[in-house]
Amino acid sequence: MIITIDGPAAAGKGTLSQKLADRYCLAYFDTGMVYRAVGLLMLKGGRDLKNVLVAESEAEELTYSKMIELSTDKDFRSAKGGQAASIISGYPGVRARLLSMQQDFAKNPVFEDGRPAKGVIYDGRDTGTVVCPQADVKFFITAKPEVRAKRRYDEFIKKGMKADYEEVLRDVKQRDERDATRKDAPMKPAEDAIILDTSEMDIEAVFEKAAAIIEKKLK
Ligand code: C5P
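Report follows, based on the coordinates. From a predicted model like this one, the values you see are computed outputs, not experimental measurements.

Structural notes on the side chain of arginine 125
Phase 1: Mapped onto the elements of the fold, arginine 125 is located in the loop between β3 (120-124) and α7 (127-131).
Phase 2: Overall, arginine 125 belongs to the buried group, its relative accessible area being 17%.
Phase 3: A distance of 2.9 Å separates polar atoms of two side chains, one belonging to arginine 125 and the other to aspartate 179.
Phase 4: Once residues within four sequence positions are removed from consideration, arginine 125 is found in contact with Asp6, Gly7, Pro8, Ala9, Lys13, Arg175, Asp179, Arg182, Met187 and Lys188.

Here it is as structure tokens:
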């Protein structure tokens, strides 16, 4: 079984994906990680994020295991890391070079400890439209920018990171704009995606709703 969960930054895709992956024993691929990994390599190498050729070459070299290794870096999930990922993800050549790594995962999905899984949950912006258009169930999760910014702000504070709500809100809006307006694979719901607006829902309610939809589809 393949499930895709797309939507804007901080809509709750990650939490929902992990809960669904646990419930249905599926492996989980957070596709934002491929862009965060390339963005981080650029930052660490002191590269100009506007340098498309360097970004393409970092994307070309990236492997799944290298991405997992980079994910433990303190800047991987930081606002700076998110901005870098957002910028380089706008380059079509970078996206093209990172596509097969994402698609290959569904051919042989594994859990974090290497055990094989019988399916996968993809989380991202274009997983239902580009990475895996053949997915069995597709969701598009969204929420008002202010709600998403508050959730992201709370996450930073919980992790002991410095954060300013207004700055997080600006960042969320800027990333929405970039994701929605890039020419190549702009963020949009797949035609057959189920759209869930989580502005007024807590994670348990979103999870129960999504699980009910999956079970109906599976019957
Ligand atoms: O989801 P996350 O915030 O980790 O994603 C980091 C950045 O990677 C996003 O701002 C988005 O621009 C980009 N991204 C993308 N396509 C995906 C997943 C993430 O362009 N499938």
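Let's pick the thread back up.
Side note on the packing of aromatic side chains
Phase 1: Within the structure shown, the criterion is met by five aromatic pairs.
Phase 2: Both rings, one in tyrosine 64 and one in phenylalanine 105, keep their centres 5.6 Å apart while their planes meet at 25°; by these two values the pair is stacked. With a gap of 41 residues between them, tyrosine 64 in helix α4 (residues 64-70) and phenylalanine 105 in helix α6 (residues 92-107) connect regions that are remote in the sequence.
Phase 3: The partly exposed category is assigned to tyrosine 64, whose relative accessible area is 32%.
Phase 4: Since its relative accessible area comes to 7%, phenylalanine 105 is described here as buried.

Some words on the side chain of serine 89
Phase 1: Note that serine 89 resides in the loop between α5 (79-88) and α6.
Phase 2: Apart from residues no more than four positions distant in its own chain, serine 89 is found in contact with Tyr35, Arg95 and Arg182.

Description of the nonpolar core
Phase 1: The biggest cluster of nonpolar side chains holds 34 residues, and the ones touching the most others in it are Leu62, Met67, Ile88, Leu98 and Tyr122.
Phase 2: Among the elements that make up this core, the one with the highest residue count is helix α2 (residues 32-44) (eight residues).
Phase 3: Setting aside residues no more than four positions away along its own chain, leucine 98 makes contact with Val34, Tyr35, Val38, Ala59 and Leu62.
Phase 4: In terms of nonpolar packing, the next biggest core, distinct from the first, is built from 19 residues, Leu16, Leu20, Tyr24 and Val206 among them.

With respect to the environment of glutamate 167
Phase 1: Mapped onto the elements of the fold, glutamate 167 is located in helix α9 (residues 165-181).
Phase 2: Glutamate 167 sits 32 residues away from serine 199 along the chain, and the two C-alpha atoms are 20 Å apart.

Analysis parameters
Residues numbered from 1 in each chain as written. Predicted model: local features only at pLDDT ≥ 70, side-chain atom pairs only at ≥ 80, totals over all residues. Heavy atoms only, no water. Helix = DSSP H or I, 4+ residues; strand = E, 2+ residues; numbered from the N terminus. Buried < 20%, exposed > 50% of the residue type's maximum accessible area, 1.4 Å probe, protein only. Polar contact = N/O pair within 3.5 Å; in protein donor to acceptor, adjacent residues only side chain to side chain. Contact = heavy atoms within 4.5 Å. Phe/Tyr/Trp six-rings, centres within 6.5 Å; stacked < 30°, edge-to-face > 60°. Core = buried A, V, L, I, M, F, W, Y, C linked by side-chain atoms within 4.5 Å.

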